[in-house]
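Results of the structural survey
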Amino acid sequence: MVQTKKIALYVVVVFVLYTIITSPAKAADMVQVGFEGISSAAQGVGEFMTELVN
């Protein structure tokens, strides 16, 4: 099981590096989309907590 996790991690790292090297603009777009998703999720949690307190 540990070997499988290690191999999966290496595959993900190689994929990320390959994507960044071959197409930096597309990689930047994907990172931006990811951060926008995290931001909107955090905003949703904040709004939920605010409504819960009120």
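Our subject in this report is the structure included herewith. On a predicted model such as this, the values are computed, not experimentally measured, just so you know.

The rules behind each value
Residues numbered from 1 in each chain as written. Predicted model: local features only at pLDDT ≥ 70, side-chain atom pairs only at ≥ 80, totals over all residues. Heavy atoms only, no water. Helix = DSSP H or I, 4+ residues; strand = E, 2+ residues; numbered from the N terminus. Rg over C-alpha atoms; globule rule 2.2 N^0.38 Å. Buried < 20%, exposed > 50% of the residue type's maximum accessible area, 1.4 Å probe, protein only. Polar contact = N/O pair within 3.5 Å; in protein donor to acceptor, adjacent residues only side chain to side chain. Contact = heavy atoms within 4.5 Å. Axes fitted to C-alpha atoms, helices over the stretch in contact; angles between N-to-C directions. Parallel < 35°, antiparallel > 145°, perpendicular 65-115°, else oblique.

Re the overall build of the chain
Scanning the chain for helices and strands turns up two helices and zero strands. Since a compact globule built from 54 residues should have a radius of gyration of about 10 Å, the 17 Å found for the chain marks it as more spread out than a globular shape. If you line up the chain on its principal axes, its C-alpha atoms span 45 × 35 × 5 Å. Taken across its 54 residues, the chain has 4% of its residues classed as buried.

Here we look at the side chain of Thr 19
With respect to the helices and strands, Thr 19 occurs in helix α1 (residues 2-22). Residue class for Thr 19 comes out buried when judged on its relative accessible area of 11%. One polar contact links the side chain of Thr 19 to the main-chain carbonyl oxygen of Phe 15, over a distance of 2.8 Å. For Thr 19, the contacting residues outside a window of four places in its chain are Pro 24, Ala 27 and Met 30.

Some points on the packing of α1 against helix α2 (residues 24-53)
One can describe the packing of α1 onto α2 by two numbers: an axis separation of 5 Å at closest approach and a directional angle of 125°. Of the possible angle classes, the one that applies to α1 and α2 is oblique. Contacts between α1 and α2 involve Thr 19, Ile 20, Ile 21 and Thr 22 from the first element and Pro 24, Ala 27 and Met 30 from the second.

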